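# Structure assessment
Okay, here's what each chain looks like letter by letter:
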Amino acid sequence: KNVTVMGLGRFGGGLGVTRWLLDQGAKVLLTDLANEDELTKQIKELGTHTNLQVVFGEHRMEDFLRADVVIANPAIQTPWNNVFLCAAWEANIQVTTEIEMLVDRLHRERVIGVTGTSGKSTTATMLYEGLKNAGITCHLGGNIGGSLLNSLSEINETDVVVLELSSAMLWWLNKNTSWSPSTAVLTNIEPNHVDWHGSFEEYKLCKELLFANQTEGDIAITQDQNASFTDLIVPGKHNQKNAAVAFLAGVAIGADPTLVREGIQRFRGLPHRLQLVCDGYYNDSKSTTPKATELAVDAFADAKRIHLIVGGYDKKIDLTLLAAQAKRVACMYAIGETANAIAVLASGNIKQFKNLEQAVAEAMKNMNSDDVLLLSPGCASWDQFVHFEARGELFCTIVNESKAHQQVH
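Presented here is a report on the structure given in the accompanying data block. (Residues numbered from 1 in each chain as written. Predicted model: local features only at pLDDT ≥ 70, side-chain atom pairs only at ≥ 80, totals over all residues. Heavy atoms only, no water.)

### Observations concerning the packing of aromatic side chains
In this structure the tally under the stated criterion is eleven aromatic pairs. Linked through ring pairs, W80, W89, W171, W172 and W196 together constitute an aromatic cluster. Directly above the aromatic system of W89 lies the positively charged group of K175, at a separation of 4.5 Å from the ring centroid. In this structure, K286 is placed above the aromatic ring of F388, and the distance from its NZ or CZ to the ring centre is 5.4 Å. (Phe/Tyr/Trp six-rings, centres within 6.5 Å; stacked < 30°, edge-to-face > 60°. Lys NZ or Arg CZ within 6 Å of the ring centre and 35° of its normal.)

Here's what the structure looks like:
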């Protein structure tokens, strides 16, 4: 078939599905609005193939109308308004996504789907680690890591697949199919991604779609706001709640409770999620909602010792809760596109900076010996960074270089 893949993406989101399609013998046209200079790393990873054609710097209408199938990248905002996707739908061309192609090929009763505004990556990984420790062969994919399409040959009928599912993925899954995982886990729902969905109500509806097509005998688990979990390596009450819901999901599919618990307790955390950079410095760049930042502040015994860096891309969500953290911490440092809006809403010790480098430098000057510097932006990264990982990596680099420089002097 002739397949148009819409979006290689700066995350390389289209990479896995393109490789898989080529392996199946499809003729693939890969198109991305970004130019070759912006996608150098991803293009190098992709390589060349006799059945692969690429178009960068634009989308061409004919590439969508001549295709047998169009694969859309879930990152494309309000896809129902996208002129290229709408043209394909009107021409009765199949429009699908990598995640739909994957779940079509998995045994639904062996799939655990995890979603939520915050904590879904941590919960999915805790569950994966718990199951592995219990001797269950399992695979982790979806919104975390690369595509599992290329691993289908290694996934046996009895294996468990843990899928982290974003609200955008759930929208696509329920546009084309009536699919829910046999075991569904929801961490929480807070305002987020209004820029993609158009409203919080639509976003919430998409999260709840995780359960929409479950049938009798399926398992639905939501997070208990009062749950606790002992002896975790990762800090914070919110991680105890993540651990509890992961544990319940593991036990629900028949894993040994003691072994699942041990696996979860040994989990050391994911990069950019309250990651300890060095003594007193924490990288929580994955925090892209005000609620996530509040949870990060809550994770520490004394908020008044925290120097907090916030701000970034404007997702059109209410920033009042984020600004309110200024009253709790030693000092708040606002950066990026939302810095001014946060400063207007905040009362407390708040300073505005153009970029992350300036904010870290100022915070390090102001910190006392027992203080903590926490990057927990509460906003997406796309105003100044290609993704939250790049923001977190820069923070780690600045901190480590500054500490090394201090030791030299």
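### Quick notes on the nonpolar core
Of all hydrophobic cores here, the largest spans 39 residues; its most connected members are V5, L21, I71, L102, L106, L163 and L165. If we skip the residues at most four places from it in the chain, I71 touches V3, T4, V5, M6, V17, L21, T96, T97, E98 and M101. In this structure, M126, A134, V260 and L270 belong to the second largest nonpolar core, which totals 29 residues. (Core = buried A, V, L, I, M, F, W, Y, C linked by side-chain atoms within 4.5 Å. Buried < 20%, exposed > 50% of the residue type's maximum accessible area, 1.4 Å probe, protein only. Contact = heavy atoms within 4.5 Å.)

### A closer look at the pattern of salt bridges
Opposite charge on two side chains permits them to pair, given that their charged atoms come into close proximity. This structure, assessed with the given rule, holds eleven salt bridges. The salt bridge involving K291 is made with E294; its shortest N-O contact spans 2.9 Å. With a gap of three residues between them, K291 and E294 both fall in helix α12 (residues 290–298), about one helical turn apart. Since its relative accessible area comes to 18%, E294 is described here as buried. Where salt bridges share partners, they join R60, E62 and D63 into one cluster. (Salt bridge = Lys/Arg side-chain N within 4 Å of Asp/Glu carboxyl O. Helix = DSSP H or I, 4+ residues; strand = E, 2+ residues; numbered from the N terminus.)

### Observations regarding the sheet that holds strand β3 (residues 52–56)
Ordered by their spatial adjacency, five strands build an open sheet running β3-β2-β1-β4-β5, and the pairing between neighbours is parallel. Only two strands of the sheet have a single neighbouring strand rather than two, namely β3 and β5 (94–96). Pairwise comparison of adjacent strand axes, ignoring direction, gives a mean angle of 20 degrees for this sheet. (Pairing = 2+ DSSP bridges. Axes fitted to C-alpha atoms, helices over the stretch in contact; angles between N-to-C directions.)

### Some details on the side chain of S180
The residue S180 is located in the loop between α7 (167–176) and β9 (183–186) in this model. Side-chain polar atoms of S180 contact the backbone oxygen of L210, separated by 3.0 Å. A polar contact of 2.8 Å, which involves the side chain of S180, links it to the backbone nitrogen of N213. Residues within four places of S180 in sequence aside, it is in contact with R108, L209, L210, F211, A212, N213 and Q214. (Polar contact = N/O pair within 3.5 Å; in protein donor to acceptor, adjacent residues only side chain to side chain.)

### Some points on the sheet that holds strand β15 (residues 350–352)
In sheet architecture, strand pairing relies on hydrogen bonds along the backbone and comes in two forms, parallel and antiparallel. One open sheet holds the six strands; their spatial order is β11-β12-β16-β13-β14-β15, and the pairing between them is mixed. Whereas interior strands pair on both sides, the edge strands pair on one side only; in this sheet they are β11 (275–278) and β15. Going from strand to strand, the sheet's axes swing by 20 degrees on average, the running direction of each strand aside. Across the sheet, α12 lies against β13 (306–310) and β16 (372–375), angled at about 165 degrees from β13, the strand it touches most. Helix-sheet contacts for helix α15 (residues 356–366) involve β12 (281–283), β13, β14 (331–334), β15 and β16, and the interaxial angle to β13 is about 170 degrees.

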